[in-house]
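Fold and geometry: a report
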Number of protein chains: 2
Amino acid sequence: MTSTTDQGRVLTTALAHEAAQIFDLLGYLKQRQIQVESALEKAIAVTYPEKIYEAMRYSLMAGGKRLRPILCLATCELAGGTVDMAMPAACSLEMIHTMSLIHDDLPAMDNDDYRRGKLTNHKVYGEDIAILAGDGLLAYAFEFIALQTRQVNPAQILQVVVRLAKAVGAAGLVGGQVVDLESEGNPDVTLETLSFIHRHKTGALLEASVVCGAILANAPDPDLQRLSRYAQNIGLAFQIIDDVLDITATQEELGKTAGKDLQAQKATYPSFWGIDESRRQANQLVLEAKAEIAAFGEKAVPLMAIADYITARKH
Amino acid sequence: MTSTTDQGRVLTTALAHEAAQIFDLLGYLKQRQIQVESALEKAIAVTYPEKIYEAMRYSLMAGGKRLRPILCLATCELAGGTVDMAMPAACSLEMIHTMSLIHDDLPAMDNDDYRRGKLTNHKVYGEDIAILAGDGLLAYAFEFIALQTRQVNPAQILQVVVRLAKAVGAAGLVGGQVVDLESEGNPDVTLETLSFIHRHKTGALLEASVVCGAILANAPDPDLQRLSRYAQNIGLAFQIIDDVLDITATQEELGKTAGKDLQAQKATYPSFWGIDESRRQANQLVLEAKAEIAAFGEKAVPLMAIADYITARKH
């Protein structure tokens, strides 16, 4: 026998799943992307010494899906907040993400010449400026969120500062990149190590994106935990699909050098599971992610659709 | 005719100047240095992936005068706060300073092999890890201050986050380094450009050190402005003396390659003014710095002594 509450939840869940299917995700993403681009455009003014601001803006405005800011705005709204409350944090997330790409692309790291179909930062501005542009973006991310966030208690803004810093530091993105660099060319990398890399290199900032939006809206702890698990699942799915696309997509579709992982003898999910099983695992993770947030009902529709989009995307 | 208040101020000022002369600065600096080292020692635990935490600790614990943390603690006490309130910010300042040194020393930047008498970070850990160790320290500085500061209102901690971020970003240290790199080997660098470089590359973080201590103690705005001018003056004096020492001190005294500026054809204050006039200018700035804070009376004694110390130091 199911209780009324359970029946209610089952119904809500079913409705939410259905709503997610008819939800115009691409329209939603497009509209949000425009809002985020417009806020980013205004975030950094060019002044003396122009070169550093131009270098920061070059990579920040180089396109991209703006997935992290969009997730942050979406969870803030889900938790009862507004787009305005979360926009500074959303921009900060993109600044941090951009900084990590600029530094990852450096010759001393992944040595990439192209990113999002354009020359990488150090190819345009030189290595010295690229390092400093990354530093500048990282510092500015914290300044921006602390200075620009409105209608939120300072205590909550501080919590967001902590989450963002943890996500990018040695316990997050930086730690993941270190293990990634150590593992390159090593044929004995375990699935555990690969999973550590991705939980930190990609997962940590995606999780922060999702959780920070909800913190800004003062969401209760159990909700933060649900959203955190949702984010961890879609983060891992996102990475698995990234690995798959590196093998199956063309350079034109990716906007960056394709087949780099194979060339660099990098351990990837397809190298453990093959392409089909990798896709199956990613689908399973997306299902679990959606189950985590189904209880939020209709408010979860954008996050549901974003989860689906991750496995469906072609680049 | 002088008013009673003016007479009182003149008396206080005279007493403060005298007290500064008998104050045991070296004992004070030593004791504070030990306190700061102990807090820094505990700030970063080594965990997996060990290499990044070790690289961060290698440069953070490589000695140095700990001038920025000591200034932060001193102004917090001057403004009625406690050492405990300011210690997390003090540690964050040293993390940020260390990060700037690690990145400045990279081959793509100043290409230095030695720092504080030890091999630079990238010479020990490689360029990739050195870049990431800097990123990790910068992020952790914000996490640390936001998470560890006690007995201070969140709004004030946020103000400190903003000041720190501004001091290290493109409007501060990073911007100064950019102009410094652009000016290298250029024989036409003006005194104005040189001053821009130092106000940003060294001055901004020194100013933040001084002002943040006072913000944490909830000092009123006019006091923050006095302290800011004090810091700008000692910051510039500090840099002038640095340039002088690069010419006059031996490598052993400096703990880093001596004569580098001349070798790199860098514009320095002595290259504009000569050594004697540079020292005179530095002394004048120190006098002005001390005049700014004389009104604080006996509480200003440590800051007075630190100002004197800057022109007297040998390394």
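Residues numbered from 1 in each chain as written. Chains lettered and ligands numbered in written order. Predicted model: local features only at pLDDT ≥ 70, side-chain atom pairs only at ≥ 80, totals over all residues. Heavy atoms only, no water.

Using the following cut-off: UniProt positions are given in the numbering used here, feature names are shortened, and annotations may be inferred rather than shown by experiment.
The name that an unreviewed UniProt entry assigns to chain A is dimethylallyltranstransferase, with the source organism given as Drouetiella hepatica Uher 2000/2452. Recorded in UniProt under Sequence similarities (unreviewed entry), the annotation for chain A is "Belongs to the FPP/GGPP synthase family." The Cofactor (unreviewed entry) comment attached to chain A in UniProt states, word for word, "Mg(2+)".

Overview of the overall build of chain A
Defined as follows: Going along the chain from the N terminus, every DSSP run of H or I of four or more residues is numbered as a helix, and every run of E of two or more is numbered as a strand. Remark: exposure states derive from per-residue accessible area (1.4 Å probe, protein chains only) relative to the maximum for the residue type, with buried under 20%, exposed over 50%, and partly exposed in between. We call two residues in contact when some of their heavy atoms are within 4.5 Å.
A tally of helices and strands in chain A yields 15 helices and two strands. Here chain A holds 315 residues, and the buried ones make up 58% of them. In chain A, the share of contacts with a sequence separation of at least 24, taken over all contacts with a separation of at least 6, comes to 73%.

Side note on the side chain of Asp-180 of chain B
All names here are of chain B. Note the threshold: A 3.5 Å cut-off defines polar contacts: any pair of N or O atoms within that distance qualifies, except that in protein one atom must be a possible hydrogen donor and the other a possible acceptor, and neighbouring residues in sequence count only when both atoms are side-chain atoms.
Tracing the backbone through its elements, the reader meets Asp-180 in helix H9 (residues 173-183). Within polar-contact distance, the side chain of Asp-180 engages the side chain of Lys-201 at 2.7 Å. Asp-180 has contacts with Ile-197, Lys-201 and Lys-266, leaving out every residue within four places of it along the chain.

Describing the confidence of the model for chain A
Threshold: For every residue, the predictor assigns a confidence score, pLDDT, that lies between 0 and 100.
When the pLDDT values of chain A are averaged, the result is 91; 88% of them are 70 or greater. Predicted complex metrics record ipTM = 0.90 and pTM = 0.91.

What to know about the interface of chain B and chain A
Formally: Put simply, a salt bridge is a Lys or Arg side-chain nitrogen that is within 4 Å of an Asp or Glu carboxyl oxygen. Residue classes follow a fixed rule: Ala, Val, Leu, Ile, Met, Phe, Trp, Tyr, Cys and Pro count as nonpolar, while Asp, Glu, Lys and Arg count as charged, and any other residue, Gly among them, counts as polar.
At the junction of the two partners, chain B supplies 45 residues and chain A supplies 45 residues. At the boundary of chain B and chain A, one finds two salt bridges. Note that Lys-166 of chain B is salt-bridged to Glu-143 of chain A, the shortest N-O span being 3.4 Å. The interface formed by chain B and chain A holds eight residue pairs in polar contact (both at pLDDT 80 or more) in total. Among the elements of the structure, helix H3 (50-60), helix H5 (83-104), helix H7 (127-148), helix H8 (154-168), H9 and helix H10 (191-216) of chain B are those that each provide at least two residues to the side of chain B that touches chain A. Examining the composition of the side of chain B that touches chain A, we find that 13 residues originate from one element, H7 of chain B, more than from any other. Tallied by class, the residues present in the side of chain B that touches chain A amount to 32 nonpolar, six polar and seven charged.

Regarding the relation of the copies chain B and chain A
How we decide: Each copy is superposed on the other by least squares, with the fit set by C-alpha atoms of residues at a pLDDT of at least 70 in both.
Note on the identical chains: chain B maps onto chain A by a rotation of 180° and an axial translation of 0.0 Å, with an RMSD of 0.0 Å. Seen this way, the second copy is the image of the first under a two-fold rotation axis. Rotation axis and chain B: the residue whose C-alpha lies nearest the axis is Pro-154 of chain B, separated from it by 2.7 Å. A share of 100% of interface residues in chain B that are also interface residues in chain A marks the association as one of identical surfaces.

A short note on the packing of helix H4 (residues 67-78) of chain B against H5 of chain B
Residues and elements named next belong to chain B. The criterion, for reference: To get an axis, a line is fitted to the C-alpha atoms, and for a helix only the part in contact is used. The angle between two axes follows their N-to-C directions and goes from 0 to 180 degrees. Oblique is the label for every angle not falling under 35 degrees (roughly parallel), over 145 degrees (roughly antiparallel), or within 65 to 115 degrees (roughly perpendicular). Left-handed describes a crossing whose near helix is turned anticlockwise from the far helix through less than a right angle; right-handed describes the clockwise counterpart.
At a minimum axis distance of 8 Å, the contact between H4 and H5 shows a crossing angle of 155°. When the axis of H4 is compared with that of H5, the two are roughly antiparallel. Classified by chirality, the crossing of H5 by H4 is right-handed. Residues Arg-68, Pro-69, Cys-72, Leu-73, Cys-76 and Glu-77 of H4 form the contact with H5, whose participating residues are Val-83, Met-85, Ala-86, Met-87, Ala-89, Ala-90, Leu-93, Glu-94 and His-97. Each residue belonging to the contact of H4 with H5 can be placed in one class, and the counts come to 11 nonpolar, one polar and three charged.

A look at helix H2 (residues 25-43) of chain B
Because each turn of an α-helix spans 3.6 residues, side chains separated by three or four positions end up pointing in the same direction. Stated precisely, the cut-off is as follows: The span expected for a helix works out to 1.5 Å for each residue beyond the first.
Compared with the 27 Å implied by 1.5 Å per residue over 19 residues, the 26 Å span of H2 of chain B between its first and last C-alpha is a close match. Where H2 of chain B is buried, its residues meet H3, H4, H5, H7 and helix H15 (301-312) of chain B.

A short note on unusual backbone geometry
The peptide bond linking Tyr-48 of chain A to Pro-49 of chain A adopts the cis configuration, its omega dihedral lying at -5°. Within the fold, Pro-49 of chain A resides in the loop between helix H2 (25-43) and helix H3 (50-60). In this structure, Asn-111 of chain A takes a positive phi of about 55° despite not being glycine. One can find Asn-111 of chain A in the loop between helix H5 (83-105) and strand S1 (114-115). We classify Asn-111 of chain A as partly exposed; its relative accessible area is 41%. Here Asn-218 of chain B, not a glycine, exhibits a phi torsion of approximately 65°, which is positive. Counting through the fold element by element, Asn-218 of chain B comes out in the loop between H10 and helix H11 (221-248). Its relative accessible area of 55% is what places Asn-218 of chain B among the exposed residues.

A look at the side chain of Arg-32 of chain B
Residue and element names in this part refer to chain B. Structurally, Arg-32 can be placed in helix H2. Overall, the relative accessible area of 6% leaves Arg-32 in the buried class. A polar contact of 3.0 Å, which involves the side chain of Arg-32, links it to the side chain of Gln-35. Beyond its immediate sequence surroundings of up to four residues, Arg-32 is in contact with Ile-70, Leu-73, Ala-74, Glu-77 and Val-83.

Points about the nonpolar core
Under the convention used in this document: We call a set of buried Ala, Val, Leu, Ile, Met, Phe, Trp, Tyr and Cys residues a nonpolar core when their side-chain atoms join them within 4.5 Å.
Ranked by internal contacts, the top residues of the largest apolar core, which has 207 residues, are Ile-52 and Tyr-230 of chain A together with Ile-52 and Tyr-230 of chain B. Beyond its immediate sequence surroundings of up to four residues, Ile-52 of chain A is in contact with Ile-129, Leu-132 and Ala-133 of chain A together with Ala-170, Val-174 and Val-178 of chain B.

Describing the pattern of salt bridges
Pairs can form between side chains of opposite charge whenever their charged atoms are close. The full count for this structure, using the stated rule, is 28 salt bridges over all chains. A salt bridge links Glu-94 of chain B to Arg-66 of chain B, with the nearest nitrogen and oxygen atoms 2.8 Å apart. Taken as a pair, Glu-94 of chain B in helix H5 and Arg-66 of chain B in the loop between H3 and H4 lie far apart in primary sequence, 28 residues in all. Residue classification places Glu-94 of chain B among the buried positions, given a relative accessible area of 1%. Taking the relative accessible area as the measure of exposure, Arg-66 of chain B reaches 1% and is therefore buried. A cluster of three or more residues bridged by salt bridges with shared partners is formed by Glu-37, Arg-66, Glu-94 and Arg-116 of chain A.

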